[in-house]
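As a plain string of letters, each chain reads:
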Amino acid sequence: MIYVIRHGQTDWNKEGRIQGQVNVPLNEEGIKQAKQAGKEIAGKKFDAVFCSPLLRTKQTCQYAYGTEGIIYDDRLMERDFGSQEGVKRAEVDFVAFWTEGSEENKQCGETISQMTERVVSFLDEINAKYKGKDILVVTHGGIIMIMNAYFYGLPKNNNFLEYLVTNGAVTKFQYKD
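Notes on the structure in this doc start here. Since the structure is predicted, the reported quantities are computational estimates derived from the model, not experimental observations. (Residues numbered from 1 in each chain as written. Predicted model: local features only at pLDDT ≥ 70, side-chain atom pairs only at ≥ 80, totals over all residues. Heavy atoms only, no water.)

**Describing unusual backbone geometry**
Under the convention used in this document: In this description a helix means any DSSP run of H or I spanning at least four residues, a strand means any run of E spanning at least two, and both kinds are numbered starting from the N terminus. Think of it in three bands: with a 1.4 Å probe and only protein chains considered, a residue is buried below 20% of the maximum accessible area for its type, exposed above 50%, and partly exposed in between.
The backbone of N157 sits at a positive phi, close to 55 degrees, despite the residue not being glycine. Within the secondary structure, N157 is located in the loop between helix 6 (141–152) and strand 5 (170–173). On the basis of relative accessibility, which here comes to 68%, the residue N157 falls in the exposed class. Phi at N158 takes a positive value of approximately 55 degrees, unusual for a residue other than glycine. Overall, N158 belongs to the partly exposed group, its relative accessible area being 32%.

**Quick notes on the packing of aromatic side chains**
Let me state the cut-off plainly: Any two of the Phe, Tyr and Trp rings considered here, Trp counted by its six-membered ring, make a pair once their centres fall within 6.5 Å; the pair's planes then place it as stacked at under 30 degrees, edge-to-face at over 60, or tilted in between. The criterion is that NZ of a Lys, or CZ of an Arg, lies within 6 Å of the ring centre and within 35 degrees of the ring normal, and then a charge sits over that ring.
Under the defined criterion, the tally for this structure stands at eleven aromatic pairs. The interplanar angle of 65 degrees and the centroid separation of 6.2 Å between the aromatic rings of F46 and Y65 together place this pair among those described as edge-to-face. Taken together, the positions of F46 in the loop between helix 2 (28–41) and strand 2 (48–51) and Y65 in the loop between helix 3 (55–64) and strand 3 (70–72) put the pair 19 residues apart, joining distant regions of the chain. What makes F46 buried here is its relative accessible area of 14%. Arranged with centres 5.7 Å apart and planes meeting at 80 degrees, the rings of F50 and Y130 form a pair that is edge-to-face. With F50 in strand 2 and Y130 in helix 5 (residues 112–130), this residue pair connects regions lying 80 residues apart in the sequence. Pair check on accessibility: F50 and Y130 agree, each one buried. Members of the aromatic cluster, each reached through a chain of ring pairs, are F81, F94, F97 and W98. The ring centre of W98 lies 4.8 Å from the NZ or CZ of R79, which sits over that ring.

**Here's the deal with the pairing of strand 1 (residues 2–6)**
The line we're drawing: Any two strands between which DSSP finds at least two bridges are classified as paired.
Within strand 1, five of the five residues are buried, which leaves it mostly tucked inside the rest of the structure. Both faces of strand 1 are covered, namely the face carrying I2, V4 and R6 and the face carrying Y3 and I5. Bridge analysis of strand 1 against strand 4 (residues 135–139) gives five bridges, and the strand direction is parallel. Following the sheet pairing, Y3 is matched in strand 4 by L136.

**Quick notes on the packing of helix 2 against helix 3**
The relative placement of two packed helices is expressed as an angle between their axes plus a distance between the axes. Cut-off, in case you're wondering: For every element, the axis is a line fit to its C-alpha atoms; helices are fit only across the contacting stretch, and the angle between N-to-C directions ranges from 0 to 180 degrees. Each angle receives one of four descriptions, namely roughly parallel if under 35 degrees, roughly antiparallel if over 145, roughly perpendicular if within 65 to 115, and oblique otherwise. Whether a crossing is left-handed or right-handed is set by the direction in which the near helix is turned from the far one by less than a right angle, anticlockwise for left-handed and clockwise for right-handed. The contact definition used throughout considers only heavy atoms, calling two residues in contact when any of these lie within 4.5 Å. Amino acids outside the nonpolar list (Ala, Val, Leu, Ile, Met, Phe, Trp, Tyr, Cys, Pro) and the charged list (Asp, Glu, Lys, Arg) are all regarded as polar, and Gly is one of them.
Relative orientation of the contacting elements helix 2 and helix 3 amounts to 50 degrees, with a least axis distance of 7 Å. In terms of axis orientation, helix 2 runs oblique to helix 3. The way helix 2 lies across helix 3 gives a crossing that is right-handed. Contacts between helix 2 and helix 3 involve I31, A34, K35, A37, G38 and I41 from the former and T60, Y63 and A64 from the latter. The class makeup of the residues in the contact of helix 2 with helix 3 is six nonpolar, two polar and one charged.

**Some remarks on the packing of helix 5 against helix 6**
Two numbers describe how helix 5 lies on helix 6: the axes approach to 10 Å, and their chain directions differ by 70 degrees. Here helix 5 lies roughly perpendicular to helix 6, going by the angle between them. Judged by the sense of rotation from one axis to the other, the crossing of helix 5 with helix 6 is right-handed. In this structure, helix 5 contributes I112, M115, T116, R118, V119, V120, F122, L123 and D124 to the contact, and helix 6 contributes G142, I143, I146, M147, Y150 and F151. Residue composition of the contact of helix 5 with helix 6, by class: eleven nonpolar, two polar and two charged.

Nothing here speaks to function; it is all geometry.
In structure tokens:
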């Protein structure tokens, strides 16, 4: 089983800002969410633990799991939104940023297709090396949306926001056959 935790809340999440690959720390609510996620996975023995190298995921991993044996993987970093990072979502067409084929999607530092390529390479590798084993992944909302598409198919209308999970959520995926 693949257990995936989305990082806890940051002030930028609370303010509705696009974080992308900016290092924003958890706020107090985010720390609580990370600790709650830790309760949900308590007692689980993981064969491997992977984490995005960004600060908010490192902190979430620390509060939910600990720090021992973590494998940091750049493929788990949030999407690069380029010049859109720090902008409030309400000031842009954020839905279009997450809709494959939209012109707005092309304005980001990384398209959905480019992001999908790196996430799929990670998941294919995990599927080959760890199939049948329990692993933990601590990452970002955008990455989890791509993971959902990998396991369950493309979202309706190609809008990946349909697969968005809340901060601190624990999602489970079965390995592909």
